[in-house]
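# Summary of structural features
Residues per chain are reported as follows:
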Amino acid sequence: MSDLNWKKYLVKPDQTIALSEWDPQDASAWKSNRKEAEARNQELNAELETLQELLFAEGKHKILIVLQGMDTSGKDGVIRRVFDGVNPQGVRVASFKVPTSIELAHDYLWRVHQQTPGRGEIVIFNRSHYEDVLVVRVHNLAPPEVWKRRYDHINHFEQLLIDEGTTILKFFLHINLDEQRERLLSRLDTPSKHWKFNPGDIKERKLWDQYEKAYEAVLSKTSQPGAPWIIVPANRKWYRDLLISTVLVDTLKDLKMEYPKAVEDLESYRAELID
Ligand code: ADP
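So, a few notes on the structure that sits alongside this text. Every chain is numbered independently, its residues counted from 1 as its sequence is written. At least 70 in pLDDT is required for a residue's local features to be given in this predicted model, at least 80 for side-chain atom pairs to be given and counted, and no such filter applies to totals for whole chains, interfaces and linings, which use all residues. To obtain the side-chain values, all non-hydrogen atoms of the structure were included, while hydrogens and water were left out.

## Digging into the site of the ligand
Taken together, Phe 96, Lys 97, Val 98, Pro 99, Arg 111, Arg 127, Glu 131, Asp 132, Val 135, Val 136, Leu 141 and Asn 198 form the complete shell of residues around the ligand. Backbone polar atom of Val 98 to an oxygen atom of the ligand: 3.1 Å apart, as the coordinates give it. Per-residue and other accessible areas were derived by the Shrake-Rupley procedure at a 1.4 Å probe size, with only the shown protein chains allowed to occlude residues. Here the ligand loses 74% of its free accessible area of 580 Å² to cover by the protein chains. Broken down by class, the residue content of the shell around the ligand amounts to 6 nonpolar, 1 polar and 5 charged. For this description, a residue counts as near a given molecule or strand if any of its non-hydrogen atoms is within 4 Å of it. Counted as a polar contact is a pair of N or O atoms within 3.5 Å, where, for protein atoms, one must be capable of donating a hydrogen and the other of accepting one, and residues adjacent in sequence contribute only when both atoms are in side chains. Following the grouping adopted for this structure description, the nonpolar residues are Ala, Val, Leu, Ile, Met, Phe, Trp, Tyr, Cys and Pro, the charged ones are Asp, Glu, Lys and Arg, and the polar ones are all others, Gly among them.

What follows is the structure in structure tokens.
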């Protein structure tokens, strides 16, 4: 076990979640200061790089990381910072936007299944199939009888992936309304961040309570062994990154991966190279 006890952020199967009881400002699992956290983050990043190389070399396990959270909660930041320097050959990001007409002509998991990781690969979902019980619910894009069935579909779909050798980790980046205001204002204040400002975020912000309710249902209904939700206090970016990096490193270490066996008589080739 690492020096950060992240297990307290794990959602147990069938645990009922009220987000008001989860502090987005929390940083209590780290016993030292922010500066030391940043140093630890660098160490974890180097460990992640090594473990990812091993994962790729071994070519056995598949890792799926799901990132969900309100607008500005830091999904892009996690991808940029936690995976900084990791070999792009074995890591892929799949972003799920408003579905295209072809995607809408299929069931909602069709586009998702295609993006799941192959052996030796880490895939990060920037948004995911959970949008189909989040934005779809909040904006009435499908009637309740349709989206209510989806929690079961999703659990079964993820079980299928687990049974076939995928390790799934789902992170809910938990910020509050005040933090979102600060982040949106900072996008307005900083010219290099203007491109990130989406007027739609202001509209979505007004639906905060409804999104929160939809997230509570997701967290309460879809955390299962092999595909747990982790509620990440995400107001403080350094803590968010530290927590996610620690979960990843601990999970990859638990896989007890090994480099593939070398060819027989490795040494005999040396002579051929030297002569
Ligand atoms: P992001 O906010 O992820 O950086 P965008 O600004 O392009 O990127 O937002 C993507 C949008 O696509 C979000 O508003 C999200 O709710 C929406 N979206 C994703 N999946 C679906 C879906 N299945 N149905 C409807 N909208 C979706």
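## Focus on the sheet that holds strand β3 (residues 122-126)
Paired strands are those between which DSSP finds at least two bridges. Each helix is a run of H or I in the DSSP string that is no shorter than four residues. Each strand is a run of E no shorter than two, and both are numbered from the N terminus. Taken together, the 5 strands give an open sheet; going across it, the order is β2-β3-β1-β4-β5, and neighbouring strands pair in parallel fashion. With partners counted over all chains shown, the strands left at the sheet margins are β2 (91-95) and β5 (229-233), one partner each. Here the strands of the sheet are splayed against their neighbours by 20° on average, with no regard to which way each runs. As paired strands, strand β1 (residues 62-69) and strand β4 (residues 166-174) are joined by 8 bridges and run parallel to one another. Among the inter-strand pairings, Ile 63 is bridged to a residue of β4, identified as Thr 167. By definition, residues are in contact when any of their heavy atoms lie within 4.5 Å. Axis definition: a line fit to C-alpha positions, over the contact stretch in the case of helices; interaxial angles, taken between N-to-C directions, run 0 to 180 degrees. Across the sheet, helix α10 (residues 208-221) is in contact with β1, β4 and β5; its angle to β5 comes to roughly 135°.

## Description of the pattern of salt bridges
Criterion for a salt bridge: a side-chain nitrogen of Lys or Arg within 4 Å of a carboxyl oxygen of Asp or Glu. For the structure shown, the criterion picks out 17 salt bridges. Residue Arg 111 pairs with Glu 103 through a salt bridge whose shortest N-O separation is 3.2 Å. The residue Arg 150 makes a salt bridge to Asp 132 at a minimum N-O spacing of 3.9 Å. Of this pair, Arg 150 sits in helix α7 (residues 150-163) while Asp 132 sits in the loop between β3 and α5 (135-138); the two residues are 18 residues apart in sequence, bridging distant segments of the chain. Exposure categories follow from relative accessible area, calculated using a 1.4 Å probe and restricted to protein chains: below 20% of the type maximum is buried, above 50% is exposed, and the middle band is partly exposed. Judged by its relative accessible area of 9%, Asp 132 falls in the buried class. By sharing partners, the salt bridges in this structure join Asp 3, Arg 40, Glu 43, Glu 47 and Lys 253 into a single network.

## Some details on a nonpolar patch on the surface
Patch membership needs two things, relative accessible area over 30% and no salt bridge, and members are linked within 9 Å if like-charged or within 5 Å if nonpolar (Val, Leu, Ile, Met, Phe, Trp, Tyr). A surface patch of nonpolar side chains, amounting to about 310 Å² of accessible area, comprises Val 263, Leu 266 and Tyr 269. Considering the arrangement of structural elements, one finds Leu 266 in the loop between α11 (237-254) and α12 (268-274). For Leu 266, a relative accessible area of 52% puts it in the exposed group.

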